[in-house]
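Topology and contacts: notes
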Amino acid sequence: MHNQDQALIFELSTPGRIGYSLPEMDVPELDLEGLLPEGYLRSEEPELPEVSELDIMRHYTALSRRNHGVDSGFYPLGSCTMKYNPKINENVARFNGFAHVHPLQDESSVQGALELLYDLQEHLIEITGMDEVTLQPAAGAHGEWTGLMMIRAYHEANGDLKRTKVIVPDSAHGTNPASATVAGLETITVKSNENGLVDLEDLRRVVGEDTAALMLTNPNTLGLFEENIVEMAEIVHAAGGKLYYDGANLNAVLSKARPGDMGFDVVHLNLHKTFTGPHGGGGPGSGPVGVKADLIPFLPKPVITKRGEEFVFDYDRPQSIGRVKPYYGNFGINVRAYTYIRSMGPDGLKAVTEYAVLNANYMMRRLAEYYDLPFDKHCKHEFVLSGRRQKKLGVRTLDIAKRLLDFGYHPPTIYFPLNVEECIMIEPTETESKETLDSFVDIMIQIAKEAEENPEIVQEAPHTTVVGRMDEATAARKPILKYQKA
Ligand SMILES: *Cc1c(COP(=O)(O)O)cnc(C)c1O
């Protein structure tokens, strides 16, 4: 196939060709020597592709067509809540008064923007059952780190310097132990029991005078609700630790149960998951953190407050952990989340949860006949299957994921959580129709049958994509991240 899309941008380069036109310079050129420290100046010009505007537009448009996103197809990636991004959010985020404000503007000139942020905080306080919320953190993992830094500061303020351990279940999202480490704390693992829930005996064994916090997501990453959460909170609080709730995916409890009521002291949310901000590709996210009253002094500063009728930034916070993000969070994502919450209303948010849970259970039951179900009980917003039955036929979960690409689906999360063999983790979200769910399930059933009757077709998939099976080990160990001339 001759396809100009296949060429790298460097291969399209023709010396002297340019893709822009600028007016003649009408100011004297500055000699940079002496203005910048030695060594900061380039000794030679960088090698850049030289292409026309049309070439570069076609190149990136072609690349973008190879991408898979929520706007191009079903994206059942577990523990990621890849849901529909309502287009009204985009309209509102583009209002001049929101899109064109500058973060260095005087507070008196951005009262509307500050009111929106303040109001969003109030809604998130209500939704989570917390006492105060910060919108500064830029993503979920950043929120985790911010929350753990506050817990650390709280223990230090109490002279409790020995509290350096964070207890994390073995099914936890990978960012949890990573955030604990970056916050200067140490992770200890608590085991899950045969029902996929935290083992209370093991929790009692690991909790102690060195416990800073228990970090948990509920429902957990297997999609199961931790029924003993109140008892767990008592165990950790009795030992002097705090409870941290990873609320990245709140679709299963939104408007039904609140982390604050379950006994949690700190919670982060992913507005770019549960609250419909677009996400993926490292784009801007928002990971607000809510806290109970005794942690309020440690919130990042500045804090938005209301003085009389005026919204202001309060910098006078002597115990604050400091600023965690330039300016005040990713404003555009916060505008989208606010628009979503206001357009759904309380009843709408309740329906979100009901559909998210119904959709997941519907798919789980339809698939249970063809794939092993490690925990056979009702799930919340997501569920895990095990591909161990197919593995015996020589077809691994990775092969099943690759085969799904042939049908235009983004595969589910695979090999996570780690405590399920050949794990397949599916999160349909509440925004997909029954027809879409059925089509996906039909293909999964077809693949299960192929594994029995014609395993090669699954083992050698994908057959229809631009790039076939990759050497993933080499890609991970020896990544080539820039253009190298052949
Ligand atoms: C996505 C996710 C995170 C991390 O959020 P980022 O915005 O990607 O940093 C943390 N915990 C859980 C359960 C998640 O699903």
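Residues numbered from 1 in each chain as written. Predicted model: local features only at pLDDT ≥ 70, side-chain atom pairs only at ≥ 80, totals over all residues. Heavy atoms only, no water.

1. A word on the overall build of the protein chain
The helix and strand inventory of the protein chain stands at 15 helices and 12 strands. Here the C-alpha radius of gyration of the protein chain, 25 Å, is about what a compact globule of 486 residues would show, namely 23 Å. Considered along the principal axes of its C-alpha atoms, the protein chain spans approximately 70 × 70 × 45 Å. Taken across its 486 residues, the protein chain has 48% of its residues classed as buried. Look at the contacts in the protein chain between residues 6 or more apart in sequence, and 70% of them connect residues 24 or more apart. Summing over all exposed atoms, the protein chain offers an accessible surface of approximately 24600 Å²; the carbon and sulfur share of this is 52%. The positive charge centre, built from 47 side chains, and the negative charge centre, built from 70, are 3 Å apart in the protein chain. (Helix = DSSP H or I, 4+ residues; strand = E, 2+ residues; numbered from the N terminus. Rg over C-alpha atoms; globule rule 2.2 N^0.38 Å. Buried < 20%, exposed > 50% of the residue type's maximum accessible area, 1.4 Å probe, protein only. Contact = heavy atoms within 4.5 Å. Areas by Shrake-Rupley, 256 points an atom, 1.4 Å probe, with all protein chains shown as cover. Lys, Arg positive; Asp, Glu negative; His and termini not counted. Charge placed at Lys NZ, Arg CZ, Asp CG, Glu CD.)

2. A look at the sheet that holds strand S10 (residues 383-386)
Taken in spatial order, the three strands make up an open sheet running S10-S12-S11, and their pairing is antiparallel. In the strand order of this sheet, the two ends are held by S10 and strand S11 (413-414), each with one partner. Pairing of S10 with strand S12 (residues 423-426) involves four bridges; the strand directions are antiparallel. Bridge pairing links Phe-383 to Ile-426 in S12. Here helix H10 (residues 331-367) sits on the sheet and contacts S10 and S12; the angle it forms with S10, its principal contact strand, is near 15°. (Pairing = 2+ DSSP bridges. Axes fitted to C-alpha atoms, helices over the stretch in contact; angles between N-to-C directions.)

3. Quick word on the site of the ligand
Taken together, 13 residues surround the ligand, and among them Ser-79, Ala-141, Asp-246, His-272 and Lys-273 come closest. At a separation of 2.7 Å, an oxygen atom of the ligand approaches a polar backbone atom of Ser-79. At 2.9 Å, a side-chain N or O of Asn-249 approaches an oxygen atom of the ligand. Contact with the protein chains removes 86% of the 390 Å² of surface that the ligand exposes when unbound. Per-element accounting of the shell around the ligand gives the leading share, three residues, to helix H5 (residues 140-157). In the shell around the ligand, the residues fall into three nonpolar, seven polar and three charged. (Near = heavy atom within 4 Å. Polar contact = N/O pair within 3.5 Å; in protein donor to acceptor, adjacent residues only side chain to side chain. Nonpolar A, V, L, I, M, F, W, Y, C, P; charged D, E, K, R; others polar.)

Remember, this is a structural readout, not a statement about activity or role.
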